[in-house]
Protein chains: 2
Amino acid sequence: MSSGLVTSRRNRRTPYTDCVEALGVSGFSIVNHTLLPKSFARSVEEDYWHLKEHVQLWDVGCQRQVELRGPDAVLLAQKMTPRDLRSMKPGQCYYTPVIDNHAGLLNDPVLLKRASDWFWFSIADSDVLLWAKALALGMNLDVQVSEPDVWPLAVQGPRAEDLVASVFGDETRSVRYFSFLECDFHGRQLVVARSGYSKQGGFEIYLDDSALGSTLWDTLWEAGADLQVAPGCPNLIERIEAGLLSYG
Amino acid sequence: MSSGLVTSRRNRRTPYTDCVEALGVSGFSIVNHTLLPKSFARSVEEDYWHLKEHVQLWDVGCQRQVELRGPDAVLLAQKMTPRDLRSMKPGQCYYTPVIDNHAGLLNDPVLLKRASDWFWFSIADSDVLLWAKALALGMNLDVQVSEPDVWPLAVQGPRAEDLVASVFGDETRSVRYFSFLECDFHGRQLVVARSGYSKQGGFEIYLDDSALGSTLWDTLWEAGADLQVAPGCPNLIERIEAGLLSYG
């Protein structure tokens with residue numbers, strides 16, 4: 001179902017919104033108070049076949065990060081999820097349900113371990129930031145909880161590896177599923193993770209400087225000219241086929 | 001700015017959404033993961049004059065309630081806001097900024113005191129539920145924190161009092177600003193508060209049974225036939241004029 005969306009400053013744009021608008025985005029959802037492109041000019045069927053054969057850029061900046069840093073970051077992260085984090089190493093991504101004290105599901109983020117005292121929960125649609133902040137406050141933990149200026153951009157499809165390697169180097173080809181490398185980009189060290197919401201394989205690039213949004217998009221776009229790169233978004237057909245079912 | 005909204009089950013409908021769709025709603029925002037009507041067929045100017053002269057029904061079901069009940073409800077409510085709650089009595093509404101431990105604003109709800117151990121924070125757009133739950137958990141408080149099946153419906157405009165009195169009785173005329181009465185409706189005791197997002201005066205009715213949504217809407221609609229009742233939403237011109245400025 002599609003209807004009119006009246007946007008406002010409360011519904012945040014991402015560093016890539018200008019780019020997807022220029023490419024004809026036709027519908028959005030709101031996730032974490034942020035615009036998520038949900039449709040472009042082509043039909044869901046046409047988009048499905050393109051995603052299965054080529055490569056797409058997805059503006060998934062709405063996947064906000066809840067950052068935990070400090071001596072008690074491990075303690076708080078473990079308090080938030082039933083998944084055992086003891087063997088998690090820096091450079092790994094874990095799928096970590098966040099539950100409340102009655103085991104009710106609050107969110108199903110991917111957790112990235114940046115360092116021994118530094119985590120990012122890359123969240124779905126609820127303000128986990130408030131949950132984490134209040135837990136830290138109530139438990140008197142020594143940890144900084146914040147939402148950093150980090151905006152994921154997904155590269156999905158069978159040619160995603162070729163595209164990412166052409167921009168960030170061949171070492172990205174060896175990144176394993178649910179692991180990440182840090183790669184140089186215009187003076188920043190971006191997290192480049194093999195992950196994302198399709199079965200076709202691909203990467204999520206965690207840009208930590210919103211001012212570089214269109215630069216990152218355009219760099220990938222230009223490098224993908226020969227790969228038939230197109231703008232995209234999680235495809236309903238593909239994700240049902242992949243078992244990546246989603247309430248939203 | 002208006003664009004396409006792709007809705008899903010993650011973006012909740014309210015018990016009144018069917019009614020506003022039947023009346024030609026043309027645009028929504030998303031607040032608390034819930035649809036908020038933002039425009040109808042008439043222009044903002046035409047809507048402004050109607051609101052100043054007549055009466056409107058606003059689907060503000062997106063104003064979700066964070067309910068605190070139990071022995072430590074007062075303690076938790078006071079922990080959440082810098083406003084002194086000691087003199088607050090049941091039947092009163094307080095405007096209560098919710099802030100974090102750095103005095104950062106998390107939300108600006110209206111707090112309703114239902115009883116000495118029973119509060120509702122009627123919230124703006126952030127998951128205060130998670131903040132309250134985690135504080136209670138971290139501080140080990142004896143309080144139930146939940147989101148009840150409560151859906152506010154606003155009646156705004158100079159004829160709002162006549163309309164509400166015709167449905168809920170003349171005793172509603174004596175309800176003071178930011179106070180509420182409990183009124184019988186189809187076997188429920190609804191909170192009827194003099195409050196709402198316009199300077200024209202009016203009420204917010206807190207329906208605590210979603211199955212009665214269209215019954216409540218239709219009852220007010222039929223009672224308002226002689227009062228030129230119309231569907232509406234917070235009006236940009238009117239709220240700027242009233243100093244009710246809003247980020248969203």
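Residues numbered from 1 in each chain as written. Chains lettered and ligands numbered in written order. Predicted model: local features only at pLDDT ≥ 70, side-chain atom pairs only at ≥ 80, totals over all residues. Heavy atoms only, no water.

## Side note on the overall build of chain A
Logical step 1: Scanning chain A for helices and strands turns up seven helices and 16 strands.
Logical step 2: Looking at chain A as a whole, 56% of its 248 residues qualify as buried.
Logical step 3: Once the 23 positive and 32 negative side-chain charges of chain A are each reduced to a mean point, those two points are 5 Å apart. (Helix = DSSP H or I, 4+ residues; strand = E, 2+ residues; numbered from the N terminus. Buried < 20%, exposed > 50% of the residue type's maximum accessible area, 1.4 Å probe, protein only. Lys, Arg positive; Asp, Glu negative; His and termini not counted. Charge placed at Lys NZ, Arg CZ, Asp CG, Glu CD.)

## A short note on helix α2 (residues 44–53) of chain B
Logical step 1: Every buried residue of α2(B) is accounted for by B:Asp47, B:Tyr48, B:His50 and B:Leu51.
Logical step 2: Buried residues along α2(B) sit in contact with β4 (56–59), β12 (151–156), β16 (230–232) and α7 (236–241) of chain B. (Contact = heavy atoms within 4.5 Å.)

## Considering the sheet that holds β12(B)
Residues and elements named next belong to chain B.
Logical step 1: Reading across from one edge, β13-β14-β15-β12-β4-β16 is the order of the six strands in this open sheet, with mixed pairing throughout. The strands lining the two open edges of the sheet, one partner per strand, are β13 (180–185) and β16. Averaged over all pairs of adjacent strands, the angle between their axes in this sheet comes to 30 degrees, without regard to strand direction.
Logical step 2: The pairing of β12 with strand β15 (residues 202–207) spans six bridges and is antiparallel. Looking across to β15, one finds that Val-155 is bridged to Phe-203. (Pairing = 2+ DSSP bridges. Axes fitted to C-alpha atoms, helices over the stretch in contact; angles between N-to-C directions.)

## Concerning the relation of the copies chain B and chain A
Logical step 1: Turning chain B through 180 degrees and shifting it by 0.0 Å along the axis lays it on chain A, with an RMSD of 0.0 Å. The transformation just described matches what one would write down for a two-fold rotation axis. Distance from the rotation axis, computed per C-alpha, reaches its smallest value in chain B at B:Gly138: 2.0 Å. (Least-squares fit on C-alpha atoms with pLDDT ≥ 70 in both.)

## Description of the interface of chain B and chain A
Logical step 1: Taken residue by residue, the interface counts 39 residues in chain B and 39 residues in chain A.
Logical step 2: Across the chain B to chain A interface the summed buried area is about 3800 Å²; carbon plus sulfur atoms make up 57%.
Logical step 3: Our count for the contact surface shared by chain B and chain A stands at four salt bridges.
Logical step 4: A salt bridge links A:Asp125 to B:Arg10, with the nearest nitrogen and oxygen atoms 2.6 Å apart.
Logical step 5: Inspection of the chain B/chain A interface yields 17 residue pairs in polar contact (both at pLDDT 80 or more).
Logical step 6: Those elements that place two or more of their residues in the side of chain B that touches chain A are β1 (2–6), β2 (27–31), β3 (34–39) and α4 (128–138) of chain B.
Logical step 7: At eight residues, α4(B) tops the list of elements feeding residues into the side of chain B that touches chain A.
Logical step 8: Per-class residue counts for the side of chain B that touches chain A are 15 nonpolar, 15 polar and nine charged. (Buried area = accessible area lost by both parts, 1.4 Å probe. Salt bridge = Lys/Arg side-chain N within 4 Å of Asp/Glu carboxyl O. Polar contact = N/O pair within 3.5 Å; in protein donor to acceptor, adjacent residues only side chain to side chain. Nonpolar A, V, L, I, M, F, W, Y, C, P; charged D, E, K, R; others polar.)

## Re the domain arrangement of chain A
Residue and element names in this part refer to chain A.
Logical step 1: Assigned domains within chain A: domain 1 (17–63 + 153–241) and domain 2 (65–146).
Logical step 2: Computed over C-alpha atoms only, the centres of domain 1 and domain 2 are separated by 25 Å.
Logical step 3: Taken together, the 13 residues of domain 1 in the interface contact 17 residues of domain 2.
Logical step 4: Roughly 1300 Å² is buried in total at the junction of domain 1 and domain 2, and carbon and sulfur atoms are behind 54% of that figure.
Logical step 5: On the domain 1 side of the contact with domain 2, Phe-178, Phe-180 and Tyr-206 bury the most area, a combined 47% of that side's loss.
Logical step 6: The interface formed by domain 1 and domain 2 holds one salt bridge in total.
Logical step 7: Linking domain 1 with domain 2 are nine residue pairs in polar contact (both at pLDDT 80 or more).
Logical step 8: Counting only elements with at least two residues in the side of domain 1 that touches domain 2, the list comes to β2 (27–31), β13 (180–185) and β14 (188–193). (Domains from an automatic or database assignment.)

## Remarks on unusual backbone geometry
Residue and element names in this part refer to chain A.
Logical step 1: With a phi close to 50 degrees, Asn-32 is a non-glycine residue in the positive phi region.
Logical step 2: As for its placement among the helices and strands, Asn-32 is situated in the loop between β2 and β3 (34–39).
Logical step 3: If you check the backbone angles, Ala-103 has positive phi at about 65 degrees while not being a glycine.
Logical step 4: With respect to the helices and strands, the residue Ala-103 is situated in the loop between β7 (98–99) and β8 (105–107).

## Some points on the environment of A:Val60
All names here are of chain A.
Logical step 1: Residue position: Val-60 is located in the loop between β4 (56–59) and β5 (65–69).
Logical step 2: For Val-60, a relative accessible area of 4% translates into the label buried.
Logical step 3: Residues Val-60 and Gly-224, spaced 164 residues apart in sequence, show a C-alpha to C-alpha distance of 18 Å.
Logical step 4: Setting aside chain neighbours within four positions, we find Val-60 in contact with Leu-36, Pro-152, Leu-153, Ala-154 and Glu-204.

## Structural notes on the side chain of B:Asp59
Residues and elements named next belong to chain B.
Logical step 1: Relative to the helices and strands, Asp-59 is located in strand β4.
Logical step 2: No salt bridge is formed by the buried Asp-59, whose closest oppositely charged neighbour, Arg-64, lies at an N-O distance of 8.3 Å.
Logical step 3: Engagement of the side chain of Asp-59 in a polar contact is seen with the side chain of Thr-14, the distance being 2.8 Å.
Logical step 4: Within the structure, the side chain of Asp-59 is placed 3.1 Å from the backbone nitrogen of Gly-61, a separation counted as a polar contact.
Logical step 5: Those residues in contact with Asp-59, other than ones at most four positions away along the chain, are Thr-14, Tyr-16, Thr-17, Val-20, Leu-36, Pro-37, Leu-153 and Trp-217.

## Some points on a nonpolar patch on the surface
Residue and element names in this part refer to chain B.
Logical step 1: The grouping of Val-44, Leu-236, Ile-237, Ile-240 and Leu-245 at the surface amounts to a nonpolar patch, some 460 Å² of accessible area in total.
Logical step 2: Ranked by the residues each element gives to the nonpolar patch, the list is headed by α7, at three residues.
Logical step 3: Positionally, Ile-237 belongs in helix α7.
Logical step 4: Note on Ile-237: relative accessible area 32%, which makes it partly exposed. (Patch = residues over 30% accessible without salt bridge, like charges linked within 9 Å, V, L, I, M, F, W, Y side chains within 5 Å. Areas by Shrake-Rupley, 256 points an atom, 1.4 Å probe, with all protein chains shown as cover.)

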